Amino acid sequence: MIKQYIIICEGRKSEVKYLQELNRYLTEEYCVYYKKFVCKPVGTGHYNEVVKKYKEERKLNKKANIEIWIDYDIYKRNELKNFYKYDNKSRGIPNFRFNYFNFEDFLIMHFNDDILNKWKKICKTNNHFYEPMKSGLYIKLIKENIFSDYDKSSLTKEFKINNDSLMNLFKHNDEQSEIKSDFANFLENIIDKEKVELINC
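Residues numbered from 1 in each chain as written. Predicted model: local features only at pLDDT ≥ 70, side-chain atom pairs only at ≥ 80, totals over all residues. Heavy atoms only, no water.

The subject of this paragraph is the nonpolar core. In this structure, Y18, F37, F96, W119 and L187 are the most contacted members of the largest nonpolar core, which totals 61 residues. Excluding anything up to four places from it in sequence, F96 contacts Y47, V50, V51, I68, I70, Y75, Y86 and D182. (Core = buried A, V, L, I, M, F, W, Y, C linked by side-chain atoms within 4.5 Å. Buried < 20%, exposed > 50% of the residue type's maximum accessible area, 1.4 Å probe, protein only. Contact = heavy atoms within 4.5 Å.)

Shown next as structure tokens:
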């Protein structure tokens, strides 16, 4: 039996679109005819709101597999003491699956080396790895330098989840340290574990 996962995520647009694409890929590639990843967006990454959403979902789904997928940028900057709150979280709250540092960094890992390296240079120029850029700046830089059509609701027409893009994600996540994602590790692990249970179309 293939497990289903409830994913508590930060954004109401980008992450939702991504998980829709991920479910589409699994359906087309492996004939998984139900949502493997059920998206439950919070609308913010702030610790208190994320934990509130987690507790609500856990109460409704006592035996479900629930993962929390959040960007690390506001934790790195310790906005509203998010880092302090997470570092002192109570027992029963699972570890978050962080993107270091935002969803767009995670997305760009799906592309080839040239695109990732170009983005990493832009990030270094803007001190992103020490003081993560805020969305107004990094969205502007992505549109100017990487994907002119990028939009959080539709991502970019150049993005599609397939075997190649997932292999790029996993390879880049394993081989470099500036841009990382705990969610990528989680995704690679469950796909590897459950491939034997997925029947090819």
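Time to look at the pattern of salt bridges. Tallied over the entire structure, the rule returns eleven salt bridges. Notably, a salt bridge pairs R24 with E21, separated by 3.2 Å at the nearest N-O pair. Taken together, the positions of R24 and E21, both in helix α1 (residues 14-30) and three residues apart, correspond to about one turn of that helix. The exposure class assigned to E21 is buried, which follows from its relative accessible area of 15%. Put simply, D113 and K171 hold a salt bridge, and the shortest N to O gap is 2.9 Å. With a gap of 58 residues between them, D113 in helix α6 (residues 113-125) and K171 in helix α8 (residues 163-175) connect regions that are remote in the sequence. Look at the salt bridges and you will find they share partners, linking E21, R24 and E28 into a network. (Salt bridge = Lys/Arg side-chain N within 4 Å of Asp/Glu carboxyl O. Helix = DSSP H or I, 4+ residues; strand = E, 2+ residues; numbered from the N terminus.)

In this section: unusual backbone geometry. Cis geometry marks the peptide bond from Y100 to F101; its omega dihedral reads 15°. Inspection of the secondary structure puts F101 in the loop between β4 (97-100) and α5 (103-108). Positive phi, normally seen in glycine, also occurs at N78, with a value near 55°. With respect to the helices, strands and loops of the structure, N78 is situated in the loop between α3 (73-76) and α4 (82-87). One non-glycine residue, N127, adopts positive backbone phi at about 60°. Within the secondary structure, N127 sits in the loop between α6 and α7 (135-145).

Per the stated rule, a full pass over the model turns up 28 aromatic pairs. Ring centres of Y18 and F159 lie 6.0 Å apart, and the angle between their planes is 25°; on these two criteria the pair is classed as stacked. Of the two residues, Y18 sits in helix α1 while F159 sits in the loop between α7 and α8, which places them 141 residues apart along the sequence. You'll find Y18 and F159 in the same group, each marked buried. With a centroid separation of 6.1 Å and an interplanar angle of 50°, the aromatic rings of F111 and F159 are classed as tilted. With a gap of 48 residues between them, F111 in the loop between α5 and α6 and F159 in the loop between α7 and α8 connect regions that are remote in the sequence. One aromatic cluster is present, formed by Y5, Y18, F37, W69, F103, F106, F111, F147, F159, F183 and F186 through successive ring pairs. (Phe/Tyr/Trp six-rings, centres within 6.5 Å; stacked < 30°, edge-to-face > 60°.)

With that out of the way, let us pick up α7. Taken residue by residue, α7 has Y138, I139, L141 and I142 as its buried positions. Projected down its long axis, α7 carries its buried residues within an arc of 160°, all on one side. Across α7 from its buried face, at more than 90 degrees, point the exposed residues G136 and E144. Residues of α7 that are buried in the fold lie against α5 and α6. (Arc of directions from axis to C-beta.)

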